[in-house]
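# Report on the structure
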Amino acid sequence: MAKNTKLLMTFPVTPTSHTLADYRERGGYVTLDKALREMTPQEVRAEITASGIQGRGGAAFSMGRKWGVVNLNDGQPHYLCANADEGEPGTFKDRWILEEAPHLLLESMLIASYALQVRHAFIYIRGEFDLPYRRLAGALAEAYAAGYFGEEILGTGFACDLVIYRGAGSYVCGEASALITSIEGKRGYPRNRPPRLTVRGLYQKPTVINNVETLSNIVGIIAHGAEAFKQVGTTKNPGTRLISISGHINRPGVYEIEVGYPWAKFIYEDCGGIPGGRGLKAIIPGGISTKVLTGEEVAPLNLDNQELEAAGSSLGSGGMIVIAEGTCMVRLLQVMLRFYHHESCGQCTPCREGMGWLHRIIDRIVAGEGRPEDVDRLYQVSKLNDGNTICGMGDAAGYATVGILNKFRNEFEYFIEHKRSLCDGNLECHA
Amino acid sequence: MKHLLPEFDALRARFPAGFESSLVLPCLRRMQEDQGFVADTDIDALVAYLGVPRIQVEEVLSFYTQFRRKPIGRWHIQACRNVSCSLCGGERIIEHLANKLGIRPGQTTSDGRFTLSTVECVASCGSAPVVLINDTYHERVSPEQLDALLETLA
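Quick caveat: nothing in here was measured; it's all calculated off a predicted structure. (Residues numbered from 1 in each chain as written. Chains lettered and ligands numbered in written order. Predicted model: local features only at pLDDT ≥ 70, side-chain atom pairs only at ≥ 80, totals over all residues.)

The helix and strand inventory of chain B stands at seven helices and four strands. When the helices and strands of chain B are listed from N to C terminus, the series reads α-α-α-α-β-α-α-β-β-β-α. Oriented by its inertia axes, the alpha-carbon framework of chain B measures out at about 50 × 35 × 25 Å. In chain B, which comprises 154 residues, the proportion classed as buried is 36%. Pairs at least 24 apart in sequence give 59% of the contacts found in chain B among residues at least 6 apart. (Helix = DSSP H or I, 4+ residues; strand = E, 2+ residues; numbered from the N terminus. Buried ≥ 20, exposed ≤ 12 C-beta atoms within 10 Å, placed from the backbone. Contact = placed C-beta atoms within 7 Å.)

As structure tokens, this is what we get:
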């Protein structure tokens, strides 16, 4: 596939390209006008469903199916919430939208609010974000002043208000049910399903939570139609993905790729390859909770969820981390397990205790005090979490651990036997 | 907290009716911004203002890592220790800061100038290693750059 259509990064970034004036010059808020005047909420929903767009936050759930649960005639308030928590390590793609195209998100959320008959919408943004928050808050103030929010929007009967809600430091709040519990002003504890959040979410009312990037595609889908959207990407996974790439790579950053783009071409041509021409040891494809793939596994693949799933991993949140030859996978797993232990919310025993257990085992291996049975024990504890916790974090930590153990078991066994790293404990790539 | 009440009233007006509980996080954030930490008397005042249970406020304060119950240094240095930063020299940055300031992560210099913390991923992986100083992201930092920067912070 030679083409690489862009749907989001369609304009040159300048010091003013995030402002309302520039956004309008690019045709901003025209699609909102079209939706409000020429389409019914049902027609907007039908278009989104027909586009086949999948969630870009990690789970790749169909946006149309998620929206389809909301009954427009149930007489209840409905809420919409954009997930701008962006906490999955390796992921920084939504930052690009928040900083450079905040009005694209706002216009998309207005159209979504119309389609779902939402009077009050929210954007949950992680507490550490400074510039993204200021850009978003600035854009919202501009949009209110221009009459895009509030009562009688664009002279139609449609009314919608939006609140930007800032988190305060918690990984688990990126999980949808924890996110809404956080908006309720409580500890961000995930909730058991069923009921689904689209049935009972924020303050027990039907609530749709979509990732920032997923939502930001709405303007394009409504402007050009579902058929045009489906011309981009693959049949099963239409559209583009924002990929944030970091680690041992010459040109890290956020890239928009058409789904199905060749992975090797992306790494070596678009992103400039690995520093010092080192070999590619492994890639974590979509945030650290997706299973690691070796350089050999990556080489023939295209960036498409179907292909990655067949290879035992996932495009996840698009947070791609490149790992060069010579990197110590034992110490890499140590960094990851310390993180999961730190972020377990403590609600479910297998995760609360299991994360600590995994962390202590890996710490003792790195300290040269590993025991011969430790590798099997890491597997065992990972399995104890699988499917036994309220949210997916316990599973995710297990997948990450098992993913690394399956492919680099020899490094762990070497470390335990020789009390030192096979790769000198290197995490940096000394080109 | 009294001087913040007009701001809190304005904030309240932006939420739908019945969302008083939602104001706990934004009000605590604002109070901490005001004086650097959340004091016990602030909790009392917030409980009275919002009519939420005190335990809810206490739970929120102990759950979210950004909230503090005690004052810290004037400059809060937070260095990322997650995967991408570690792959790009984050560990050396943390070690350098600790040596330079003579404190370990979690501690404050005796003159009350700097507090050093480590943080998990702050979504700045493409510009690793990253260090936050108060609210500002400093990206792709080197030990030399940090030395020069710290000199400018009184």
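Next comes the rest of the description.
Here we come to the overall build of chain A. Each helix and strand counted, chain A has 18 helices and 11 strands in total. In terms of overall size, chain A behaves like a compact globule, its C-alpha atoms giving a radius of gyration of 22 Å where 431 residues would be expected to give roughly 22 Å. Across its three principal directions, the C-alpha atoms of chain A cover 75 × 45 × 35 Å. Going through the 431 residues of chain A one by one, you find that 55% of them count as buried. Taking the contacts inside chain A whose residues are at least 6 apart along the sequence as the reference set, 73% of them involve residues at least 24 apart. (Rg over C-alpha atoms; globule rule 2.2 N^0.38 Å.)

By a widespread convention, an interface's size corresponds to the accessible area lost as its parts come together. Listed per partner, the contact involves 42 residues of chain A and 38 residues of chain B. For the side of chain A that touches chain B, the per-class residue count stands at 16 nonpolar, 16 polar and 10 charged. (Nonpolar A, V, L, I, M, F, W, Y, C, P; charged D, E, K, R; others polar.)

Now for the domain arrangement of chain B. Entries for chain B in the domain assignment read domain 1 (2-63) and domain 2 (75-151). On a C-alpha basis, the centres of domain 1 of chain B and domain 2 of chain B stand 30 Å from each other. (Domains from an automatic or database assignment.)

What follows concerns the packing of helix α6 (residues 102-116) of chain A against helix α7 (residues 131-145) of chain A. All names here are of chain A. Remark: α6 packs on α7, axes separated minimally by 9 Å, with the N-to-C direction vectors making an angle of 55°. It follows that α6 is oblique to α7 by the angle criterion. The element α6 and its partner α7 pack so that their crossing is right-handed. On α7, the residues that touch Pro102, His103 and Leu106 of α6 are Arg135, Leu136, Ala139, Leu140 and Ala143. (Axes fitted to C-alpha atoms, helices over the stretch in contact; angles between N-to-C directions. Parallel < 35°, antiparallel > 145°, perpendicular 65-115°, else oblique. Left-handed = near helix turned anticlockwise from the far one by under 90°.)

Strand pairing in a sheet relies on backbone hydrogen bonds. The paired strands run either parallel or antiparallel. All names here are of chain B. If you walk across this open sheet you meet the four strands as β2-β1-β3-β4, and the pairing is mixed. Strand pairing shows two members of the sheet lacking a second neighbour, β2 (114-119) and β4 (136-138), which therefore form its edges. Pairs of neighbouring strands in the sheet enclose a mean axial angle of 25°, with direction left out of account. Strands in contact with helix α6 (residues 90-101) are β1 (75-80), β2 and β3 (131-133); relative to β1, the strand with the most contacts, it is inclined by about 150°. (Pairing = 2+ DSSP bridges.)

Turning next to the domain arrangement of chain A. Residue and element names in this part refer to chain A. Here chain A is described as being made up of domain 1 (20-230), domain 2 (240-324) and domain 3 (329-418). Taking only C-alpha atoms into account, the centre of domain 1 sits 35 Å from that of domain 3. For the side of domain 1 that touches domain 3, the per-class residue count stands at six nonpolar, two polar and two charged.

All names here are of chain A. Taken in spatial order, the five strands line up as β6-β5-β11-β8-β9 in an open sheet, and their pairing is mixed. Looking at strand neighbours, the two that pair on one side only are β6 (253-258) and β9 (293-294), the edges of this open sheet. Where strand β5 (residues 240-247) meets β6, six bridges bridge the pair, whose relative direction is antiparallel. When the sheet's bridge partners are listed, Thr240 is paired in β6 with Glu258. Lying over the sheet, helix α5 (residues 93-100) contacts β5 and β6, oriented at roughly 110° with respect to β5.

Grouped together as the largest cluster of nonpolar side chains are 154 residues, with contacts concentrated most on A:Cys81, A:Met109, A:Ile111, A:Tyr124 and A:Met336. By residue number, the principal contributor to this core is α6(A), which donates 10 residues. The residues contacting A:Met336, other than those within four sequence positions of it, are A:Ile288, A:Ala400 and B:Val83. (Core = buried A, V, L, I, M, F, W, Y, C linked by C-beta atoms within 7 Å.)

Further remarks concern the pairing of strand β8 (residues 280-284) of chain A. In regular strands, side chains alternate between the two faces of the sheet. Residues and elements named next belong to chain A. With five of five residues buried, β8 is to be regarded as a mostly interior element. With two bridges connecting them, β8 and β9 associate as antiparallel partners. Residue pairing in the sheet places Ile283 in a bridge with Leu293 of β9.

Moving on, we get to unusual backbone geometry. Residue and element names in this part refer to chain A. Residue Pro194 is bonded to the preceding Arg193 through a cis peptide linkage, with omega at -10°. Residue placement: Pro194 occurs in the loop between α8 (176-183) and β4 (207-211). Residue Pro195 is reached from Pro194 by a cis peptide bond, and omega for that bond is 0°. In this fold, Pro195 is placed in the loop between α8 and β4. The phi dihedral of Ala60 is positive, around 55°, even though this residue is not glycine. You can see Ala60 is positioned in the loop between α3 (41-51) and α4 (63-68).

The subject of this paragraph is the packing of α3(A) against α6(A). Working note: a packed helix pair is described by the angle between its axes plus the distance between those axes. Residues and elements named next belong to chain A. It is at 7 Å that the axes of α3 and α6 come closest, and there the two elements cross at 115°. Of the two elements, α3 crosses α6, and the hand of that crossing is left-handed. Each of Pro41, Val44, Arg45 and Ile48 in α3 lies in contact with α6, whose residues at this interface are Ile111, Tyr114 and Ala115. Residues that form the contact of α3 with α6 fall into these classes: six nonpolar, no polar and one charged.

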